[in-house]
Number of protein chains: 2
Amino acid sequence: MAKSETPRKRRKVQGVTMMDVAERAGVSPSTVSLFFRNPDAVSAKAGNAVRTAVRDLNYAPNRMAGGLASASSPVVGVIVPSIRNAFFAETIASLQRGLDPARLQIMLGQTEYDQSVEDALVRTTLSWAPAALVVAGTDHSAATRQLLKASGVPVVEIWELGGETPLDMAVGFDHREVGAAAARHLASRARRSLVFLSGRVHEDKRAASRAEGFLAEAKALGLPARHFDHPAPATTELGGILFNRVLAELGNEDAVGIGCSNDHIALGVLFEAQRQARSIPGDYAVMGFGDLEFASSAAPALSTIRPFGDVIGSETARLILGRRAGLEDTDRTSIIDTGFRVVQRQTT
Amino acid sequence: MAKSETPRKRRKVQGVTMMDVAERAGVSPSTVSLFFRNPDAVSAKAGNAVRTAVRDLNYAPNRMAGGLASASSPVVGVIVPSIRNAFFAETIASLQRGLDPARLQIMLGQTEYDQSVEDALVRTTLSWAPAALVVAGTDHSAATRQLLKASGVPVVEIWELGGETPLDMAVGFDHREVGAAAARHLASRARRSLVFLSGRVHEDKRAASRAEGFLAEAKALGLPARHFDHPAPATTELGGILFNRVLAELGNEDAVGIGCSNDHIALGVLFEAQRQARSIPGDYAVMGFGDLEFASSAAPALSTIRPFGDVIGSETARLILGRRAGLEDTDRTSIIDTGFRVVQRQTT
DNA sequence: TTGAAAGCGCTAACAA
DNA sequence: TTGTTAGCGCTTTCAA
């Protein structure tokens, strides 16, 4: 069949549009639009007609048209170092859950711990006119900070507090305090010297803060402390490697307290200690960070620090929805400290 | 109608538009647009003028306007059960890397293993006119299948092959075969009976397939086999619980082969065996699935099956970019089996 | 190779 | 409460 003869006017591309719905419902398009945004502003009769038409035609609104017209899209940009990181994964899952009722979707970006990538991602994401932008940490390039401020888009910085002043809103906790708490906890377990194990601390600013806090607190407590870092990612395998370095350099000391930059490293220490027949927590007390899934079931069960990554996600959602609802943040602070908890188990 | 001289004409909302760039560069907007999509189609002079203007004005295109006009947005929708699942996280990370050069961004959706949520997410995501849609598995509701087919959007189903016929493209592997391979491997290690441990197999279709394949192969091999499932998620903790059930019910057997639905469960078995002073791999050989980060460093090192989640991501990206480039899939199949590898370590 | 013109599908003033 | 109208910023014919 010959399709549209001459007038290549409408290069209609979407099955059902709002106009179709309006026609079918016997109302104007703007009534349909209004109905979607505020059902109560429309008469029951019109509302029902629209509802029926939507169902009959199986209509789904075009988000881009809506976004273009309203200069804001139902998208929340989320920019994190890596989604493979269990911390961010947990927060994103929980954030999404919180955003769901508002029908906001997540647009994901991963920086791989590269600030220039972050810059690019912020630019691109901003070009969607997102309802909000969520970024990990408070450490951004000057260009990015400038861009974010200028954009007028609500920004939530997550998983870090206590460093740079937040650009707008922030949900997280102070990683230096985490390190300090780990050192204090180990000290309370009669440790005579402390070490901190980490991976590529030069890239992971938050891990670096934990190390700093740990070492500073050790000093304050009058305990000798050393830091073993490695340029590799902070994995279980690295934990084993680092523990062997500890053994090589402190092999004849006992009552050592080992703080780990995360639970993966701590797990590696546990395994390696088992292989090397070292006693935990006797000679080496071990403290992780993250309270990851396996921590409580490890043998021996891993003492660690729990960061509440899910709360970070839900609070972030709350702030975003609050801002959307037009609640100004005069009445409540928009910097939320979700804190952390020291969880003592068998390794300390 | 006189020329409207009403003031509220343009509710300009974006700092710099393509028109501004065009004006500054001394060309028309359509030339600027053309330059972005195909720089070579524009004269060097015009191209340079545009490039300079873009830089000077710090222009970022409005993606929604572009998407609306072209009826397709630079977005790839990704719908998975959960981003906290390390498998999907790895694939998404790798997918994003592959999509990056084409400036495609990921719009994320999580179903939490709920098909009605999947339905809703597919609808919503489709309303962005995405360049492609990536969904986990091949098991979808009839409505979703219908919607996807009708949309004309390229669809890639990932992490599963061998079940339903793919809707369009698919990248993954056969989970039944994984289960069978695990059973065969354990049989080859002189096991006299087999068990399979899993969590909420009623929700996780792929885990169910692995269990099925395992049990069917055990039968084919003439080995007695049992399946221990639990409605809880497949975690390390659950591994310990399930292992205790194994001990309770098969306590006086030796040379048992334990297949686990994933490495978390296997890790839990390892820890619990250590607590209960059971010998691995002597009395209990253990086989995981996933080759997660900790598997190779565990003590004893965990035998497992490696699924190549990163390859799934990169191949998915390749298919999407290929489809975009207009390459029809007549010349090459668009169903890619990424396979898996049995990795033998110390637990078998 | 470039530009004019006509929308893409929706929202938002404003008027009725 | 509803409809009219005029865009949002970009892409895409088509003609020059």
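The rules we used
Residues numbered from 1 in each chain as written. Chains lettered and ligands numbered in written order. Predicted model: local features only at pLDDT ≥ 70, side-chain atom pairs only at ≥ 80, totals over all residues. Heavy atoms only, no water. Least-squares fit on C-alpha atoms with pLDDT ≥ 70 in both. Contact = heavy atoms within 4.5 Å. Domains from an automatic or database assignment. Buried area = accessible area lost by both parts, 1.4 Å probe. Salt bridge = Lys/Arg side-chain N within 4 Å of Asp/Glu carboxyl O. Helix = DSSP H or I, 4+ residues; strand = E, 2+ residues; numbered from the N terminus. Nonpolar A, V, L, I, M, F, W, Y, C, P; charged D, E, K, R; others polar. Pairing = 2+ DSSP bridges. Phe/Tyr/Trp six-rings, centres within 6.5 Å; stacked < 30°, edge-to-face > 60°. Buried < 20%, exposed > 50% of the residue type's maximum accessible area, 1.4 Å probe, protein only. Axes fitted to C-alpha atoms, helices over the stretch in contact; angles between N-to-C directions. Arc of directions from axis to C-beta. Polar contact = N/O pair within 3.5 Å; in protein donor to acceptor, adjacent residues only side chain to side chain. Parallel < 35°, antiparallel > 145°, perpendicular 65-115°, else oblique. Left-handed = near helix turned anticlockwise from the far one by under 90°. Core = buried A, V, L, I, M, F, W, Y, C linked by side-chain atoms within 4.5 Å. 1 Å grid on protein atoms, 1.4 Å probe; cavity = no way out; pocket = protein on both sides within 12 Å on 5 of 7 lines; lining within 4 Å. Points joined across faces, edges and corners; volume = space filled by probe spheres on them.

## Structural notes on the relation of the copies chain A and chain B
For the match of chain A to chain B, the screw axis carries a shift of 0.0 Å, the RMSD comes to 0.1 Å, and the turn is 180 degrees. The transformation just described matches what one would write down for a two-fold rotation axis. Identified as the residue of chain A closest to the rotation axis by C-alpha distance is Met 107 of chain A, at 2.2 Å. Taken together, the interface assignments show that 100% of the residues at the interface of chain A recur at the interface of chain B, consistent with an identical surface on both copies.

## Quick word on the domain arrangement of chain A
All names here are of chain A. Domain boundaries in chain A define domain 1 (18–59), domain 2 (72–173 + 310–338) and domain 3 (175–307). The centre of domain 2, based on its C-alpha atoms, is set 30 Å off from the matching centre of domain 3. At the junction of the two partners, domain 2 supplies 14 residues and domain 3 supplies 11 residues. Of the roughly 1,200 Å² buried between domain 2 and domain 3 on both sides combined, carbon and sulfur atoms contribute 58%. Between the two partners, domain 2 and domain 3, sit two salt bridges.

## Some words on the interface of chain A and chain B
Tallying the contact residues gives 54 residues for chain A and 54 residues for chain B. Surface buried jointly by chain A and chain B totals about 4,900 Å² across both partners, of which 57% is contributed by carbon and sulfur atoms. Counting the surface chain A buries against chain B, the share from its top three residues, Met 64, Gln 105 and Trp 128 of chain A, is 14%. Where chain A packs against chain B, one counts two salt bridges. Linking Arg 97 of chain B and Glu 112 of chain A is a salt bridge whose minimum nitrogen-to-oxygen distance equals 3.6 Å. Of all the secondary-structure elements, those providing two or more residues to the side of chain A that touches chain B are helix H4 (63–70), strand E1 (73–80), helix H5 (86–99), strand E2 (105–110), helix H6 (115–126), helix H10 (236–250) and helix H11 (263–275) of chain A. A breakdown of the residues in the side of chain A that touches chain B according to their chemical character gives 27 nonpolar, 16 polar and 11 charged. Sheet analysis places E2 of chain A next to strand E2 (residues 105–110) of chain B, joined by three bridges and oriented antiparallel. Its bridge partner being in E2 of chain B, Leu 108 of chain A is matched across the sheet by Ile 106 of chain B.

## Here's the deal with the packing of aromatic side chains
Under the definition given, this model contains 22 aromatic pairs over all chains. Each ring, one from Phe 196 of chain A and one from Phe 214 of chain A, has its centre 5.0 Å from the other, and the planes form 50 degrees; the classification is tilted. Here Phe 214 of chain A lies in helix H9 (residues 205–220) and Phe 196 of chain A lies in strand E6 (residues 193–199), a separation of 18 residues in the sequence. Judged by its relative accessible area of 0%, Phe 214 of chain A is buried. Measuring from ring centre to ring centre gives 6.0 Å for Phe 36 of chain B and Tyr 59 of chain B, while their planes differ by 25 degrees; the resulting arrangement is stacked. Here the residue Phe 36 of chain B occupies a position in helix H2 (residues 29–37), and Tyr 59 of chain B occupies one in the loop between helix H3 (44–57) and helix H4 (63–70), the gap between them amounting to 23 residues. A network of ring pairs unites the aromatic residues Phe 87, Phe 88, Trp 159, Phe 173, Phe 289 and Phe 340 of chain A as a single cluster.

## Regarding the sheet that holds strand E8 (residues 256–260) of chain B
Residues and elements named next belong to chain B. Spatial strand order, E7-E6-E8-E9: four strands in an open sheet with parallel pairing. Single-partner strands in this sheet number two, and they are strand E7 (225–230) and strand E9 (284–287). Taking the axes of each pair of neighbouring strands and ignoring which way they run, one obtains an average angle of 20 degrees across the sheet. As defined by bridge partners, E8 adjoins E9 across four bridges and the pair is classed as parallel. In the sheet register, Val 256 faces E9, and the bridge partner there is Tyr 284. Most of the contacts of helix H8 (residues 175–188) go to E9, to which it runs at about 150 degrees, and overall it touches strand E6 (193–199), E8 and E9. Sheet contacts for helix H10 (residues 236–250): E6, E7, E8 and E9; angle to E7, the most-contacted strand, approximately 140 degrees.

## Some details on H4 of chain B
All names here are of chain B. Inspection of H4 places Arg 63, Met 64 and Gly 67 among the buried residues, and these make up the whole buried set. All buried residues of H4 lie within an arc of 95 degrees about the axis, which places them on one face of the element. Capping the start of H4 is the job of one residue whose side-chain oxygen sits 2.8 Å from the backbone nitrogen of Met 64: Asn 62.

## Concerning the packing of helix H6 (residues 115–126) of chain B against helix H7 (residues 142–151) of chain B
Residues and elements named next belong to chain B. Where H6 contacts H7, the two axes come as close as 9 Å, and the packing angle between them is 15 degrees. By the criterion of interaxial angle, the relationship of H6 to H7 is roughly parallel. The way H6 lies across H7 gives a crossing that is left-handed. For the pair formed by H6 and H7, the contact residues are Glu 118, Asp 119, Val 122, Arg 123 and Leu 126 on the first element and Ala 143, Thr 144, Leu 147, Leu 148 and Ser 151 on the second.

## So, the nonpolar core
Formed by 147 residues in total, the largest nonpolar core has its most connected members in Leu 197 and Ile 258 of chain A together with Leu 197 and Ile 258 of chain B. Ignoring anything within four residues of it in the chain, the contact list for Ile 258 of chain A reads Leu 186, Val 195, Leu 197, Phe 243, Val 269, Tyr 284, Ala 285, Val 286 and Met 287 of chain A.

## Concerning the pairing of strand E3 (residues 130–136) of chain B
All names here are of chain B. For E3, the tally of buried residues reaches seven of seven residues, placing the bulk of the element in the interior. As defined by bridge partners, strand E1 (residues 73–80) adjoins E3 across five bridges and the pair is classed as parallel. Directly across from Val 78, in E3, lies its bridge partner Val 134. Where E3 and strand E4 (residues 155–158) come together, four bridges link them in parallel fashion. Bridged to Val 135 within E4 is Glu 157.

## Brief notes about the packing of helix H1 (residues 18–25) of chain A against helix H3 (residues 44–57) of chain A
Residues and elements named next belong to chain A. Two elements in contact, H1 and H3, have axes whose closest approach is 8 Å; the angle formed by their N-to-C orientations is 125 degrees. The orientation of H1 relative to H3 falls into the category oblique. In the packing of H1 onto H3, the handedness of the crossing is right-handed. In this structure, H1 uses Asp 20, Val 21, Arg 24 and Ala 25 to contact H3, whose residues at the interface are Ala 49, Val 50, Ala 53, Val 54, Asp 56 and Leu 57.

## Side note on empty space enclosed by the protein
The rolling of a water-molecule-sized probe over the atoms marks out the regions of remaining empty space. Residues and elements named next belong to chain B. Under the criterion given, the structure shown has one cavity of 30 Å³ or more. If you add up the space inside the largest cavity, you get close to 40 Å³. As for the largest cavity, its lining consists of Val 178, Gly 179, Ala 182, Phe 196, Arg 210, Cys 260, Gly 288, Phe 289 and Ile 305. Sorting elements by how many residues they give to the lining of the largest cavity places H8 first, with three residues. Grouping the constituent residues of the lining of the largest cavity by class yields six nonpolar, two polar and one charged.

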